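Take a look at the letters that make up each chain.
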Amino acid sequence: WGCLLMLGAGTGYLFPLYGPLFRDQFQFSQTQTNIIASCQKLGSGLAFISGNVNDRFGPHIVSLLTLFCCGTAYSMLWMMGRGYITENIFVV
């Protein structure tokens, strides 16, 4: 499970590789791509919240919350890539 979580958490370091794909695939502007990168960095900076939840409720709850958040985000990206969501309503 640890390797799977590391793969999911390590995607922030790979943003320079898949960031240009956002611009090409979804016709995002550079500003919109920068907003996505900034939100990812903001989420990384707020990791202390999950640490507090982990201390109070244990790692299973944190893992389930992470699964829900990442699953939702990647599902939305997949739906945009497949054309189920036709407008980029989530990025200003």
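For the structure itself, consult the block above.
What you are looking at is a predicted structure, and each value in this text was computed from that prediction instead of being measured. (Residues numbered from 1 in each chain as written. Predicted model: local features only at pLDDT ≥ 70, side-chain atom pairs only at ≥ 80, totals over all residues. Heavy atoms only, no water.)

Q: How should the environment of Gln27 be read in this particular structure?
A: Structurally, the position occupied by Gln27 is in the loop between helix H2 (15-26) and helix H3 (30-45). On the basis of relative accessible area, Gln27 is assigned to the exposed category, the value being 61%. Apart from residues no more than four positions distant in its own chain, Gln27 is found in contact with Phe22 and Gln32. Reaching out from Gln27, the side chain makes a polar contact with the backbone oxygen of Asp24 at a distance of 3.4 Å. (Helix = DSSP H or I, 4+ residues; strand = E, 2+ residues; numbered from the N terminus. Buried < 20%, exposed > 50% of the residue type's maximum accessible area, 1.4 Å probe, protein only. Contact = heavy atoms within 4.5 Å. Polar contact = N/O pair within 3.5 Å; in protein donor to acceptor, adjacent residues only side chain to side chain.)

Q: Please explain H3 as it appears in this structure.
A: Turn by turn, an α-helix covers 3.6 residues, leaving residues three or four places apart pointing in a common direction. Relative to the 22 Å expected for 16 residues at 1.5 Å per residue, H3 spans 22 Å between its end C-alpha atoms, a close match to the ideal helical length. Taken together, the buried positions of H3 are occupied by Gln32, Thr33 and Ala37. One face of H3 carries all of its buried residues, which in axial projection span an arc of 145 degrees. Among the exposed residues of H3, those pointing more than 90 degrees away from its buried face are Thr31, Leu42 and Gly45. In this fold, the buried residues of H3 make contact with H2. (Expected span 1.5 Å × (residues − 1). Arc of directions from axis to C-beta.)

Q: I tried to follow the environment of Asn54 on my own but got confused; where do I start?
A: Structurally, the position occupied by Asn54 is in helix H4 (residues 47-57). For Asn54, a relative accessible area of 30% gives the class partly exposed. Setting aside its immediate chain neighbours within four residues, Asn54 contacts Pro59 and Val62.

Q: Would you take a moment to explain H2 for this structure?
A: End to end, H2 covers 15 Å across 12 residues, agreeing with the expected 16 Å (1.5 Å per residue, within 8%). The inward-facing, buried residues of H2 abut H3 and helix H5 (59-82).

Q: Mind showing me how you'd approach the nonpolar core here?
A: If you look at soluble globular proteins, the nonpolar side chains tend to sit buried side by side. Formed by Phe15, Phe22, Phe26, Phe28, Ala37, Met80 and Ile85, the largest nonpolar core amounts to seven residues. Take this core: its biggest share by element is three residues, from H2. (Core = buried A, V, L, I, M, F, W, Y, C linked by side-chain atoms within 4.5 Å.)

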